[in-house]
Amino acid sequence: MNADKTISSLKGVGPETNKKLQILGIENVSDLLHNYPRRYDDYSEISSIENITPGLVTLRALIKNTTGRYVGRGMHITESIAVDKTSSVRLVWFNQPYREKSILPGVEYFISGEFALRNQRLCVQNPTIERADSFNLNTARIVPIYKETKGLKSSQIRKLVKQNIPNIKILPETLPAWLIKKEKLFSRSQAILAMHFPESPELLEKAKKRIGFEEVFELTLAALMNKKDLAGEHALNILFDKDLAKNFVDHLPFKLTDSQKKTVWQVYKDMEREQPMNRLIEGDVGSGKTIVAVMAAVMAIKQGFQVAFMAPTELLARQHADTICELLKPLGMEDKLGLLLGSLKPAQKTQLHAAIGSGKIQFIVGTHALISEKVIMHSLGLIIIDEQHRFGVQQRKKLQSKAGYMPHVMSMTATPIPRSLALTLYGEMDISVIDAKPPGRLPIKTTICSPNSRPQLYEQIDKQLASGRQMFVVCPLIVQSDMLSAESVENVFSNLKSTVFKHRQIGILHGKMKAEEKENTMKLFVNGKLDILVSTTVVEVGVNVPNATVMLIENAERFGLAQIHQLRGRVGRSSHQGHCYLMMGDSSRPSRRIRALEKNSDGFALAELDLEIRGPGAIYGTMQHGALDLRVAKLTDIKMIASARNAAQEFIDSGESLLQYNHLSGRISILRSVTNLN
Ligand code: ADP
Ligand code: MG
């Protein structure tokens, strides 16, 4: 098949249409065939005229006389009478004068449109009609609706796809034959044809299943191959030192939770092996991941290795360094700690670089500054990445390359990744879940508020502040915007300062501020010198202020569920009751999505819900996995994902060569490069 044939070589594609198709990313026939519909309108059920009811209808009828006329103010009306065995009905088109000539009397047509009342008379308005004796594209079928662009309608795309049906029919298979048979999948050509022109909802489902299966199969196969390769790499093993672990735990002011113990143990076992660890630690906000990371780190340091601990913001890196310093003191290791930030003065940086290069500093906490070419590690054995989804694959690879061999890697995230998604996206990692919080934490009370309840809300909040607690206010914007009707840090700050919270100390924090200013503000807040901190989502990650018990989120509807869940985690860090108020942008009824936050305090369940309602993008935002591109697969389809994953494992176990599958091996090499941590 000539799938690479340019789109302009098709009938009906002149320079203008060609341009529009390019806008949609369609350059050749293959692009056209893989440009799946966004949705479908079901016009497959044909009703008799006698039985039609208001709404979308499809008829099969003869057309009797068609007339056109102007009805003033330039408005043109075309009217026809459609007749079937049972009755007749009026068809009306507005401003389509060409209809009068193009509709042939005495010919049978399929007619699809809306049956509705117009000037007290029932008629079918602006229907699409096609001769009943032709291959119908736009009526009497499940009609595919494509992504459109100005001047290019779905109906034109349909025509082009139809021209290529012979090409679809000879599309080569891309999956192994045994897999198609075992999973009872549609062939590729059957599936693609049914994606565009499904004969029934059942066949459309089968088509989606085949294509979704293939997407997940490719992705997991790539991940599993990476994993297999990584297992073949040699890492320097870090031995478990029981006395050290015991000494560390004995000096903690609390007992580890069972979840923490289990996870630390898994990490210790990973590091003892000579294959590199590649483990993701998932734990809800406040579940205590930092301790787990530090416990891994001290093992590595004791054995003479360096540890790089990378966090996404300076604020967070500084807090980590403070926490870690306290934890290292009882072990006498605090002088091995260094904090590397982009904002350090050049002289400080040079000095730190030297200490890292000589191996004097062994525990290096920092931001992206760790990746800088100037940083030369002495003996990097373990990498810890906090909030791993905030970093790209390239950044992680760069940090890893500083070891000169494969270091152990531990990634941490508070974004609860639904299991189905984790297995697909992170098939190459081992996953530990810290699924319990330290005891004694009260669940955060979450309340949705409408703007007209502000006065009462502020009164309630002030009581909390009066008793010594503190509040975060989070806004979507830094400054007010003409484009978005959403609250800004500056606006909210000046409002609160000049009215209801005149008597309180208020600070602001956002990403545009200088590191030093941020640092100062944060210090004031941590030390209780500020009652209220108005900020953007920079407080989302990590920041720990146990005395803050109120979180007010402005324009809550603009945030993802997982994100709000992380934000409210900021006020659940002590034994005081935490409150999260979700202020809506207007007083209309909040969506099911937002309401879920009131009832549900399980980050995983919320992430599943966001995944279902808004798709994976909601959880990962601008995730680095551009090439992952799951267009058809539903990540909520756990059964399909499990079988695709099993199939990928089976493929690897069978020892079959990828090379015999041309298309598949091409896809796998692209996917491996975007997920690969090697
Ligand atoms: P996160 O998982 O969100 O990174 P942190 O590691 O910052 O959570 O821990 C949150 C808070 O809980 C910290 O103040 C930490 O000292 C405390 N913490 C951690 N583990 C325990 C525990 N087992 N018992 C009590 N408090 C704990
Ligand atoms: Mg953390």
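Quick caveat, the model's predicted, so the values are computed rather than measured.

### Notes on the site of ligand 1
No. 1: In the vicinity of ligand 1, 16 residues are found, and the nearest of them are Lys-255, Gly-286, Lys-289, Thr-290 and Arg-441.
No. 2: A distance of 2.9 Å separates a nitrogen atom of ligand 1 from a polar side-chain atom of Gln-260.
No. 3: In isolation ligand 1 exposes 570 Å². Once the protein is present, 81% of that is buried.
No. 4: Tallied by class, residues from the shell around ligand 1 come to 4 nonpolar, 7 polar and 5 charged.

### Some remarks on helix H4 (residues 154-163)
No. 1: Burial in H4 covers these residues: Ser-154, Ile-157, Arg-158, Leu-160 and Val-161. Taken down its axis, H4 places every buried residue within 165° of arc, on the same side.

### Re the packing of aromatic side chains
No. 1: Considering all chains together, one arrives at 9 aromatic pairs under this definition.
No. 2: Seen in terms of ring centroids, Phe-217 and Phe-651 are 6.2 Å apart; in terms of plane orientation they differ by 80°. Their pairing is edge-to-face. Here Phe-651 lies in helix H23 (residues 638-654) and Phe-217 lies in helix H8 (residues 201-231), a separation of 434 residues in the sequence. The pair formed by Phe-217 and Phe-651 is uniform in burial state, with each residue classed as buried.
No. 3: Considering the side-chain rings of Phe-472 and Phe-525, the 5.0 Å spacing of their centres and the 55° angle between planes classify their relative orientation as tilted. Linking Phe-472 in strand E16 (residues 470-474) with Phe-525 in helix H18 (residues 515-526), this pair joins segments that are 53 residues apart in sequence.
No. 4: Since its relative accessible area comes to 0%, Phe-472 is described here as buried.
No. 5: Three or more aromatic residues link up through ring pairs in this structure, and these residues are Phe-213, Phe-217, Phe-651 and Tyr-661.

### Some thoughts on the side chain of Ser-112
No. 1: Within the secondary structure, Ser-112 is located in strand E5 (residues 108-118).
No. 2: Looking at Ser-112, its side chain comes within polar contact range of the side chain of Thr-58, at 2.9 Å.
No. 3: Other than its neighbours up to four places away in sequence, Ser-112 contacts Tyr-43, Val-57, Thr-58, Pro-127, Thr-128, Thr-139 and Ala-140.

### Notes on the packing of helix H12 (residues 314-328) against H18
Between two packed helices, the angle of one axis relative to the other and the distance separating the axes together describe the packing.
No. 1: Across the interface, H12 lies against H18 with an axial gap of 10 Å and an inter-helix angle of 50°. Here H18 runs oblique to H12, going by the angle between their axes. The way H12 lies across H18 gives a crossing that is right-handed. On H18, the residues touching Glu-314, Leu-315, Arg-318 and Gln-319 of H12 are Ala-515, Lys-518, Glu-519, Met-522 and Val-526.
No. 2: Residue classes in the contact of H12 with H18 are distributed as 4 nonpolar, 1 polar and 4 charged.

Cut-offs and rules
- Just so you know, the residues in each chain are numbered from 1, in the order the chain's sequence is written.
- Whichever chain is written first is A, and whichever ligand is written first is 1; the rest continue in order.
- Per-residue local features are limited, in this predicted model, to residues with pLDDT of at least 70; the limit for side-chain atom pairs, both in listing and counting, is 80 or more; totals at the level of whole chains, interfaces and linings are taken over all residues.
- Excluded from the side-chain calculation are hydrogens and water; included are all heavy atoms of the structure.
- By convention in these notes, a residue is near a molecule or strand provided one of its non-hydrogen atoms lies within 4 Å of it.
- Polar contact is the term for a pair of N or O atoms within 3.5 Å; when the atoms are in protein, one must be able to donate a hydrogen and the other to accept it, and sequence-neighboring residues count only if both atoms are side-chain atoms.
- Using a 1.4 Å probe, the Shrake-Rupley method yields the accessible areas, and only the shown protein chains count as cover for residues.
- Only Asp, Glu, Lys and Arg are considered charged, only Ala, Val, Leu, Ile, Met, Phe, Trp, Tyr, Cys and Pro nonpolar, and every remaining residue, Gly among them, polar.
- Buried, partly exposed and exposed residues are distinguished by accessible area as a fraction of the type maximum, computed with a 1.4 Å probe on protein chains only: under 20%, between the cut-offs, and over 50%, respectively.
- Helix and strand labels come from DSSP, where a helix needs a run of H or I of at least four residues and a strand needs a run of E of at least two; each type is numbered from the N terminus.
- Directions from the helix axis toward the C-beta atoms define the arc.
- Any Phe, Tyr or Trp ring, taking Trp's six-membered ring, that has another such ring centre within 6.5 Å forms a pair; planes under 30 degrees apart are called stacked, those over 60 apart edge-to-face, and the others tilted.
- In what follows, a contact means two residues having at least one pair of non-hydrogen atoms within 4.5 Å.
- Think of each axis as a best-fit line through the C-alpha atoms, taken over the contacting stretch in the case of a helix, with angles from 0 to 180 degrees between the N-to-C directions.
- Throughout this description, any angle smaller than 35 degrees is read as roughly parallel, any larger than 145 degrees as roughly antiparallel, any in the 65 to 115 degree range as roughly perpendicular, and the remainder as oblique.
- Two helices that cross are described as forming a left-handed crossing if the nearer one is turned anticlockwise from the farther one by less than a right angle, and a right-handed crossing if clockwise.

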